[in-house]
Amino acid sequence: MDSTLAVQQFIQQTIRKDPSNVDEILTPPEGQDEGVWKYEHLRQFCLELNGLAVKLQNECNPETCTQMTATEQWIFLCAAHKTPKECPAIDYTRHTLDGAACLLNSNKYFPSRVSIKESSVAKLGSVCRRVYRIFSHAYFHHRAIFDEFENDTFLCRRFTVFVTKYNLMPKDNLIVPILGDETSMNESEA
């Protein structure tokens with residue numbers, strides 16, 4: 001796919017066809033450049049994750065969620081500041097999605113959506129780690145909102161399979177129990 005929006009459109013059409021068919025959504029067309037495939041999927045994840053951020057904002061506010069946490073042992077610092085620091089969870093969410101959008105739309109790192117340098121593809125893992133924290137906070141602190149969103153979009157499941165398939169995050173950072181026994185099955189297929 002060599003036009004600027006072809007991969008994005010392909011991914012979006014596949015999602016619309018059946019958002020629960022994660023394997024089909026994450027299977028690239030034959031001959032697709034892997035860097036572009038990863039990049040376009042991460043753009044799509046961030047686009048869809050804004051929907052979860054909107055749903056969270058009534059319940060997740062600076063008074064109720066003063067820190068970006070998942071479980072008791074995970075407190076995340078926000079990288080949007082000159083020196084990473086604690087932020088209320090909803091601010092962390094906004095900052096993370098804004099930062100991801102800025103990076104993914106950067107002409108410096110991603111001047112083309114048809115071919116992407118390996119040095120730019122290497123930046124995707126850091127974005128994935130930060131974005132995943134939004135899922136983990138929603139799961140552990142706003143479970144009803146998370147479940148409703150996930151039942152409609154399968155976004156966390158898709159994201160988890162994606163980062164596992166492309167080794168974009170350490171498996172021990174994947175703390176939302178979204179895959180269950182599927183993780184070991186997917187590892188044997190990879």
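Before any of the text, the structure's been laid out above.
Residues numbered from 1 in each chain as written. Predicted model: local features only at pLDDT ≥ 70, side-chain atom pairs only at ≥ 80, totals over all residues. Heavy atoms only, no water.

K.L.:
What exactly am I supposed to notice about the overall build of the protein chain here?
P.N.:
Tallying secondary structure elements over the protein chain gives nine helices and two strands in all. Along the chain direction, N to C, the helices and strands of the protein chain fall in the order α-α-α-β-β-α-α-α-α-α-α. Within the protein chain, contacts between residues at least 6 apart in sequence are counted, and of these 68% link residues at least 24 apart. On the protein chain, roughly 9800 Å² of surface is accessible, and the fraction owed to carbon and sulfur atoms is 48%. (Helix = DSSP H or I, 4+ residues; strand = E, 2+ residues; numbered from the N terminus. Contact = heavy atoms within 4.5 Å. Areas by Shrake-Rupley, 256 points an atom, 1.4 Å probe, with all protein chains shown as cover.)

K.L.:
What is the right way to look at the side chain of Arg-133 in this model?
P.N.:
Within the secondary structure, Arg-133 sits in helix H6 (residues 124–141). For the buried Arg-133, no salt bridge is present, and the opposite-charge side chain at shortest range is Asp-172, 11 Å distant. Dropping the residues within four chain positions of it, Arg-133 is found in contact with Met-68, Phe-76, Leu-77 and Tyr-92. (Buried < 20%, exposed > 50% of the residue type's maximum accessible area, 1.4 Å probe, protein only. Lys, Arg positive; Asp, Glu negative; His and termini not counted. Salt bridge = Lys/Arg side-chain N within 4 Å of Asp/Glu carboxyl O.)

K.L.:
How should I be thinking about the nonpolar core in this particular structure?
P.N.:
Nonpolar side chains in soluble globular proteins tend to be buried together. Counting 58 residues, the largest nonpolar core has Leu-52, Phe-135 and Phe-159 as its most contacted members. Contributing elements (two or more residues each) for this core: helix H1 (6–17), helix H2 (22–26), helix H3 (34–56), helix H4 (89–104), H6, helix H7 (143–153) and helix H8 (155–165). A per-element tally of this core places H3 first, with 10 residues. Those residues within four positions of Leu-52 in sequence are excluded, and the remaining contacts are Ile-134, Phe-135, Ala-138, Ile-145 and Phe-149. (Core = buried A, V, L, I, M, F, W, Y, C linked by side-chain atoms within 4.5 Å.)

K.L.:
How should I be thinking about the packing of H6 against H8 in this particular structure?
P.N.:
Packed helix pairs are specified by the crossing angle of their axes together with the interaxial distance, meaning the distance between the axes. At a minimum axis separation of 11 Å, H6 and H8 run at an interaxial angle of 150°. One way to sum up the angle between H6 and H8 is to call them roughly antiparallel. Once H6 is placed against H8, the crossing between them reads as left-handed. Two secondary-structure elements touch here, H6 through Cys-128, Val-131, Tyr-132 and Phe-135 and H8 through Leu-155, Cys-156, Phe-159, Thr-160, Phe-162 and Val-163. For the contact of H6 with H8, the class distribution of residues is nine nonpolar, one polar and no charged. (Axes fitted to C-alpha atoms, helices over the stretch in contact; angles between N-to-C directions. Parallel < 35°, antiparallel > 145°, perpendicular 65-115°, else oblique. Left-handed = near helix turned anticlockwise from the far one by under 90°. Nonpolar A, V, L, I, M, F, W, Y, C, P; charged D, E, K, R; others polar.)

Note that all results are geometric; they support no functional claim without further evidence.
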